[in-house]
Structure formats: C-alpha cells, structure tokens
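Inside the fold
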Amino acid sequence: MANITKKVSWSSRADESGATAEGTRLLNGSEPRRLIQFSEGRSLFQIGRLSTVDLEEEMMSEEDCVSLQESLRGRPKEIPHNEKLLSLKYESLDYDNIENQLFLEEERRMGYMNFRCLEISRWVVCGLIGFLTGLIACVIDIVVEQLAGIKYQVVKGENHRFSAYLTVFILASLIVERNCWLIMFTPIAAGSGIPQIKCYLNGVKIPRVVRLKTLLVKVFGVICSVVGGLAVGKEGPMIHSGAVVAAGVSQGRSTSLKRDFNYIFEYFRRDTEKRDFVSAGAAAGVSAAFGAPIGGVLFSLEEGASFWNQMLTWRIFFASMISTFTLNFFLSIYHNKPGDLSNPGLINFGRFENNSQSVAYNLYEIPFFIAMGAIGGLLGALFNILNYWLTIFRIRYVHRPCLQVMEAMLVAAVTATVAFTMIYFSNDCQPLSSEHAEEYPLQLFCADGEYNSMATAFFNTPEKSVRSLFHNQPRTYNPLTLGLFTLTYFLLACWTYGLAVSAGVFIPSLLIGAAWGRLCGILLASSGSMWADPGKYALIGAAAQLGGIVRMTLSLTVIMVEATGNVTYGLPIMLVLMTAKIVGDYFVEGLYDIHIKLQSVPFLHWEAPGTSHWLTAREVMSSPVTCLNKIEKVGTIVDTLSNTSTNHNGFPVVVQVTGGDEPAKLCGLILRSQLIVLLKHKVFVELARSRLTQRKLQLKDFRDAYPRFPPIQSIHVSQDERECMMDLTEFMNPTPYTVPQETSLPRVFKLFRALGLRHLVVVDEENRDSKVVGLVTRKDLARYHLGKHGLEELQLAQT
C-alpha cells in the first residue's frame, strides 16, 4: 500500500469562507447525505451516513473519486484521509504522564509521607465530590417537587377546564422560554450532557464542558424543563453535573470566579488526575440519580478507559456511596423523617418485595421477557432514527437562537395541548382510594370521588408516574389509556430530546417502556394468564425501552437491579437489555453514539474494527511530521506554532548525529502547551548563560497555566529573541511510545485505548531509534473508522 503523504491538520483554522472551527456550535457541522461524483458515467450516489462532515463540503476531487472506485474492486490503496470527517475544535487529553526531568526530580524529592498525603487528598476530594453532587441532586429534587406542587394547585384551583388548559399552556411556554434563552449563552449545557461526558471519559477534551457556568445553567435548566411539563427527566443531567463538580473541586480553583486557592490540590492540575476525578463525579451523578452506587462505578468503567487501577475504582465507589448517603440524609430531613434513609436517588422505583406477586416469575415467562426485549430494541431503533433525522433538520434550518427558542416554546405548547386533548377524550376514571400512589390526582372530566388516570399520568412528575405504573394495583389503568399514552409520549419525547434545553432521556424512556410493558401484562392477564402481573411487565418494558434507546448493558443492568431494591429480576433484566441491544444495533447505533457522531468527535470504541487487521500504522499515520531539534532556534519554534496549516499539538524531538549521512535520531516528544509556557517564561539558552533568568522553571509554572494555555498569538517575541536558542532536553518526554510502521492497526488501537495515548510516534522499521516517518493520533484512528464506514456505504449503494 502506498503511504499517505498528505499533511493532515486538525487545528481551528479558518475555512474558505473565513469561518473558524471555534465558531461552530454543538451538534453542527454535519452532512447527513453526502454527494459523491464519479468521473465515469457522471452518476451520482446519495449515501445516508451517520459519520458527519461539514455542511458546506465540496464535491470530491477526481483523484479521490478514482481512489474510491478502485476500492470497490478490492482493497483500497489507502485510507480516506478527509480532514472534514471530524470537527477541528476537539483535541485529546494528555492522560499519559509526561515523565521529563522536571517531573522525575519532583517525584524523587517526595518522600513516603508525601505520597501518603497525596493518596489521602485523593480520598478527600472524592468525598467532597460525592457530598456536593448529592447536595445538588437534593436541591433539584426539592425545587422540582415544590414547583410541581404549586403548578398542580394552580391547575386544580381553576374552575373552568379551558382556563386550566390556558394556565398550563402559558406556564409551560414561559418557563421553557426562560430556560432556552439561558442555554443560548452556554450551549454546552443543553441536553443531558451524557454524550459529552462519554467523550471526556473516552479521552476527548470538549470545550467548556466542565465549567462552573455550565453547571449553574444545567441545574436551572433541568428544573425549568421538568416543571415546564416537557417529556424529559432530571436524572441524566446529574451525570454531567457530577462531572463538573469533580473537575472544579479537584483543581482547587475556579477560572469563572477568578479564585485560585494556591497549594490546595495543586498537584492534581493535569489531565491524568482530572480525568480520574471526572470519572468519580460521573459515577456520583449516577448514584445520586438512581440510588445505584455500584451502577455508577460500572457506568464510569463502561464509558471510560481500561487502564484503571484498584485504588481508583475504590475511590470512585467511595464518591458514589457518599453521594447516595448525602441525598438520603437531606431528603429525610426535608420529609420530616431524620435518619430515614429510604430515598436513595432522585428516582425511587419502590421495592419489589419477595412475597409479592409482582416479583415472582416462572421459567416459562423468560421467552415473553426476551420478546419484550426485542420490542424494546425495535422501538428504541425507531426512536433513534426519528431523533437523528430531526436533529439533522435542526442543524440545517433551526440553527439560529431565536428559532431554537421558538421551537422549544412550540414543543411546550404542543405538549400541554396534546395532554389536555387526550384528557378530554379519555373516560378512564378510577376511584380515589388509599391503594393508589398518585400524589397529584386530578378529577378532570370525572365524577366526585374519582380521578382521571390520563390526567394523573401527565401532571405527575415523570418519576412518580413510573412508580405508579410499577406498583399500582391491576385494573388501575385502562388498556386504551396506556396505548394512547405510549404513542403520544413516545413522539413527544423524541421531539423534545435535542432541543436547546437541559433535559435527559432516561426517565422518558422508562415511562414509555413502563406504559407499554404494563399494557402487555394487562393483555396477557386478560387472556387467562394469572401469572401476568401488570407491574412486573411494566418493569421489564421499562428496561427494554431504555436499553433499546441508550444501548447500555452492564451498568444499566446493575442500575435497574439497585433501583428496584431486589436482585430477583437480575437475570430477566440482563436478558432483556442484551436482546434490546442486539436488535437495536442491527438497525442503528445508540442515541448517545449518534449524537457523538453528529458532533464529529474523535471517539474511540473499545475494539478496533474487525476488518482492520490487514492495515498497518503506515496507512493511518500523518506524514511527513514536523520535528524539532533538541536545541532549537526560538524563531523556528514560534513559526512552527504560528503556522495554522501545521497546527499540531505534539512534536517529536530529534538530535542530529554528528558525522555521516544518517537521519536524525528520535530523542523525545514535546507538546504545544509546553512550548508555549517555555516561550512565555523566555527559557532561552543565552539568558541562562548570562544569568538574567530569575529562577529555574518548575512544574508549578505549567500547572498554573493549565488548563487554558495562552495562544501563541499572545506570546511576544522580539526579533533579537528569535535568534536565541531553546534547549528542550529538560522539558521533553524522553521516552515517548513508538512503533514501527508495519505495526498492525489493532495493536496501535489497543495502545491508544489501554494507555490513554494522545501521540504515537511511528519510526522506520529498520532502525527503530532513528528516523521518524509518521505520527498517529486519536484523530487518525477515528478518521479511519469514519472513512471505513464511508467505503462500506459506498459499496452498499453501488450494489
């Protein structure tokens, strides 16, 4: 195969129209249908694809078309290396420690007690993360419950039905409108935040995803979305909130508040430590949302990387337990039951007792459960496909802030209108008694002493509606009510997810699944099956629907088991989730994976594609590589960093061999951020020799600049200073990971996923310690994955 000699750049440089990648908004820059023009026959193929490119992408050149045509006849000569397949604003995290001389000297100066104090500090930080995350969840739950109670009293106090509808209509529109305008100033706070946190745990740096402003907007937005009556939940955003708390607490400072608590957790100001704490924060968010500490740990493990150690896992579990306990404790005080720890999470499914008919299940019911899992996979795939095309429509036509606000208000108004329309035509009136768990029963269109089931399902908070579907007595809901509610809430939830509001999809998915699951139980019971308890099948349907949409298996199984408080249904839930994932993956990817691709993020999955074993590092690397000498001229460094066409973030450092014509020898790797700090402090050889420097540069100088390193344009270097030299020996990483160019792609992929690499130097196979022939980054691997799928879809379109 021929080497790829095109120099690839993934900086935030301007395109032909002058717009920079930094100006792109979240969930944009995607082209759902790509036109590829062939020279032979001048035929056009339209290929629908989830891998995203720029909306203004030009037609492929004739050379690229010929290359693609040749790939249809056999193996492609080279991997499509299209820069526009990925967004230019995302960079990788430096999870691998840079073991330069400064780092090693600091580590060697530290004694045993210093390391013990650092370990204790990590536990303290994890405890603070759990406590603050649980406190935030408690505040959200209390505020939502209070505002929902006020909303219920206002609607109940309206004597005329039309005035009640008008009240809900106006309240929902105004509340959602306030939420949407606030999101306009912090777009990253929209949605649940789970796709962005998945990317961060995967090793991708998402701009502004863990800032304090993002947390404040997220919390306020979730409250408004739930109280506004949208088909959303508040549990998913808790994962994002916990991650923001972890990122802020672990750094000992806030750039938004411009407060820096010096020497407090200063050692943790690097990507290696910060990403571990964000994992703990995400787990604490899951624990606070569902009361599932073990599920939270598994969520971070499932979405993160595979290079965890035992102590890190225990610290994450500790943060999850503290989060659950904090939420329990404060909610017990709020409910005037101090010490009653019966509210482990924001959603409480209620306990399925062992002596209850709703817990018992028989062996012959397992095929019914698996069939429900298949139904959940089909419905989840339909949900994801509809949401994908709806998101594409928003990207193209609803990208202006005023249009996004109008759409959010329209969804709120339509939700209120649909709810009242269904209530008006519903005659499902149930007697009001102590056996029913509804907290806000509404009498609308029913006789005295009765309540409207449809109205209660819409006006209860989603969490309480799920619990009533699980535990209400048989014959509480009419089958027609459940069928209509499933259909309408399915469409409303699909329309709502992706709006410019803070919202989650966990609870809507559970509510949809619980509704059609209970309907299946009622239909089976009506056919003479006495074992078909509606509450039992509501639980199975909820698991099937959620699994069909988000496609999580291990962590979601444990979350559902912990949330129900009984391990009896562990096997059925696991089988249902596996079936839903298998069936759903046949049609389309999970909802979060779809939105990650729509954001054009260089996301790496657990394993390399199965068809990549015949590829080597030579086919995916970027070449030629910009290298720096061990003692380099300052002007050369400034020009290299300022060149937008080669705006890389890692540079191999080489040393010229004296005598002979041998190529330069690789001796290290240095990052762009390090070079900028060196230029800022003017660490030049001439200044050191003339003793004009005030002090020796330390790791503290790099940590103070982290994470917002100044751009090269802000560094002033005079003409005389450009002639100075800079010695990189003390600051570069002298032992970067290297592979020969014939290394298989699966092995390269495993190195990135197992070690959390950002750069992998490719050297000449004949002399591994000399010639640098290429550089592999996360984006190179992600770009191959997208290009590979593009070729597969092209073959499918031709056949």
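Residues numbered from 1 in each chain as written. Predicted model: local features only at pLDDT ≥ 70, side-chain atom pairs only at ≥ 80, totals over all residues. Heavy atoms only, no water.

Put simply, the test is: UniProt positions are given in the numbering used here, feature names are shortened, and annotations may be inferred rather than shown by experiment.
In the nomenclature of an unreviewed UniProt entry, the protein chain is known as Chloride channel protein of Tetraodon nigroviridis. The annotation that UniProt attaches to the protein chain under Subcellular location (unreviewed entry) is "Membrane".

**As for the overall build of the protein chain**
Definition in use: Each helix is a run of H or I in the DSSP string that is no shorter than four residues. Each strand is a run of E no shorter than two, and both are numbered from the N terminus. Here the term buried applies to any residue with accessible area under 20% of the maximum for its type, exposed to any over 50%, and partly exposed to those in between, with areas from a 1.4 Å probe on protein chains only. Contacts were defined at the residue level, with two residues in contact if any of their heavy atoms lie within 4.5 Å. Only the protein chains shown count as cover for residues, with accessible areas throughout obtained via the Shrake-Rupley method and a probe of 1.4 Å.
Tallying secondary structure elements over the protein chain gives 28 helices and 16 strands in all. Expressed as a percentage of its 799 residues, the buried residues of the protein chain come to 58%. Summarising the internal contacts of the protein chain: among those between residues at least 6 apart in sequence, 78% fall at separations of at least 24. A total accessible area of about 33400 Å² is found for the protein chain, and carbon and sulfur atoms account for 59% of it.

**A short note on the nonpolar core**
Note the threshold: Working definition of a nonpolar core: buried Ala, Val, Leu, Ile, Met, Phe, Trp, Tyr and Cys residues. They are joined through side-chain atoms within 4.5 Å. How far each domain reaches was decided by an automatic or database domain assignment.
Judged by nonpolar contacts, the single largest core of 147 residues is most densely connected at Phe 470 and Leu 510. If you tally residues by element for this core, the top one is helix H16 (residues 506-526), at 11 residues. Here this core spans two domains, since at least three of its residues come from each of domain 1 (114-335) and domain 2 (364-598). Not counting the four nearest positions on each side in its chain, Phe 470 is found in contact with Phe 349, Phe 352, Ala 514, Gly 535, Ala 538, Leu 539 and Ala 542.

**Quick look at the confidence of the model for the protein chain**
In plain terms, the rule: In predicted models, pLDDT denotes the confidence assigned by the predictor to each residue on a 0 to 100 scale.
In the predicted model, the protein chain carries a mean pLDDT of 80, and the fraction of residues at 70 or more is 80%. Between residues 1-83, whose pLDDT stays under 50, and residues either more than four places distant or in other chains, the model counts 212 contacts. Scored below 50 in pLDDT, residues 789-799 makes 21 contacts in the model with residues more than four places away or belonging to other chains.

**Thoughts on the sheet that holds strand E11 (residues 650-655)**
The condition that has to hold: At least two DSSP bridges between two strands are required for those strands to pair. To obtain an axis, a line is fitted to C-alpha atoms, over the contacting stretch when the element is a helix, and the angle between two such axes runs from 0 to 180 degrees between their N-to-C directions.
Sheet architecture is open: 3 strands sit in the order E9-E11-E12, paired in mixed fashion. The outermost strands of the open sheet, each flanked by one partner alone, are strand E9 (628-629) and strand E12 (665-671). One ladder, built from 6 bridges, connects E11 with E12; its direction is antiparallel. Bridged to Val 654 within E12 is Leu 666. On the sheet, helix H23 (residues 672-680) packs against E9, E11 and E12 and is oriented at approximately 75° with respect to E12.

**Description of the pattern of salt bridges**
As a reminder of what qualifies: Salt bridge, as used here: a side-chain nitrogen of Lys or Arg that lies within 4 Å of a carboxyl oxygen of Asp or Glu.
Scanning the entire structure with this criterion turns up 22 salt bridges. We note a salt bridge from Arg 122 to Glu 119, for which the minimum N-O separation is 3.3 Å. A residue pair is termed a helical-turn pair when its members lie 3 or 4 positions apart in one helix, as Arg 122 and Glu 119 do in helix H3 (residues 112-157) at 3 residues. Taken individually, Arg 122 and Glu 119 each receive the classification buried, so the pair is uniform in this respect. One network of salt bridges, in which partners are shared, links Glu 119, Arg 122, Arg 270, Glu 273 and Arg 315.

**Description of the pairing of strand E16 (residues 772-777)**
Summarising burial for E16: 6 of the 6 residues are buried, a large majority. Bridge count for strand E15 (residues 759-763) against E16 is 5 bridges, and the pairing is antiparallel. Its bridge partner being in E16, Leu 760 is matched across the sheet by Val 776.

**Comments concerning the side chain of Thr 496**
Counting through the fold element by element, Thr 496 comes out in helix H15 (residues 479-496). The exposure class assigned to Thr 496 is buried, which follows from its relative accessible area of 1%.

**Details of the packing of helix H7 (residues 236-251) against helix H8 (residues 271-290)**
The cut-off we apply is this: Angular relationships are summarised with four words: roughly parallel below 35 degrees, roughly antiparallel beyond 145, roughly perpendicular across 65 to 115, and oblique for the angles in between. Each crossing is labelled by how the near helix is turned from the far one, with a counterclockwise turn of less than a right angle marking it left-handed and a clockwise turn marking it right-handed. As a working rule, the residues Ala, Val, Leu, Ile, Met, Phe, Trp, Tyr, Cys and Pro are called nonpolar, Asp, Glu, Lys and Arg charged, and the rest polar, with Gly in that last group.
In contact at an axis separation of 7 Å, H7 and H8 are set at 140° when each is read in the N-to-C sense. Between H7 and H8, the angle falls in the class oblique. Of the two elements, H7 crosses H8, and the hand of that crossing is right-handed. For the pair H7 and H8, the contacting residues are Met 238, Ile 239, Gly 242, Ala 243, Ala 246, Ala 247, Ser 250 and Gln 251 in the first and Lys 274, Phe 277, Val 278, Gly 281, Ala 282, Gly 285, Val 286, Ala 288 and Ala 289 in the second. In terms of residue class, the contact of H7 with H8 is built from 11 nonpolar, 5 polar and 1 charged.

**Digging into the sheet that holds strand E14 (residues 738-740)**
Spatial ordering of the open sheet is given by E14-E15-E16, a layout of 3 strands whose pairing is mixed. Bordering the open sheet on either side are E14 and E16, each of which pairs with just one other strand. Shown here is a sheet whose adjacent strand axes are inclined to one another by a mean of 30°, direction ignored. Helix H27 (residues 745-755) contacts E14, E15 and E16 of the sheet and is inclined by roughly 150° relative to E15.

**Some points on H27**
Spacing of three or four residues puts side chains on the same side of an α-helix, whose turn is 3.6 residues. The condition is simple: Picture the helix axis, draw a direction to every C-beta atom, and the arc is the one those directions span.
Three or more residues of H27 are buried, namely Leu 745, Pro 746, Val 748, Phe 749, Phe 752 and Arg 753. Looking down the long axis of H27, one finds its buried residues gathered within 160° of arc, a one-sided arrangement. The exposed set on the far side of H27, more than 90 degrees from its buried face, consists of Arg 747 and Lys 750. A positive backbone phi angle near 70° is found at Gly 756, which sits one or two residues after H27.

**Concerning the packing of H8 against helix H10 (residues 310-334)**
Their axes nearest at 8 Å, the elements H8 and H10 cross at an angle of 35°. The crossing of H8 and H10 is right-handed. Of the residues in H10, those touching H8 at Asp 276, Ser 279, Ala 280, Ala 283, Ala 284, Ser 287 and Ala 288 are Leu 312, Ile 316, Ala 319, Ser 320, Ser 323, Thr 324 and Leu 327. Grouping the amino acids of the contact of H8 with H10 by side-chain chemistry returns 8 nonpolar, 5 polar and 1 charged.

**Brief notes about unusual backbone geometry**
The omega angle of the peptide bond from Ser 623 to Pro 624 is -5°, so this bond is cis rather than trans. Mapped onto the secondary structure, Pro 624 falls in the loop between helix H21 (617-620) and E9. Here the bond from Tyr 706 into Pro 707 is cis, since omega is 0°, no more than 30 degrees from zero. Even without being a glycine, Arg 208 presents a positive backbone phi close to 60°. Mapped onto the secondary structure, Arg 208 falls in the loop between strand E4 (204-205) and helix H6 (212-227). Taking relative accessible area as the criterion, Arg 208 reaches 43% and is therefore assigned partly exposed. Within the chain, Arg 551 stands out as a residue other than glycine whose phi angle is a positive 60°. As for its position among the elements, Arg 551 is in the loop between helix H17 (534-550) and helix H18 (554-564). On the accessibility criterion, Arg 551 (7% relative accessible area) is buried.

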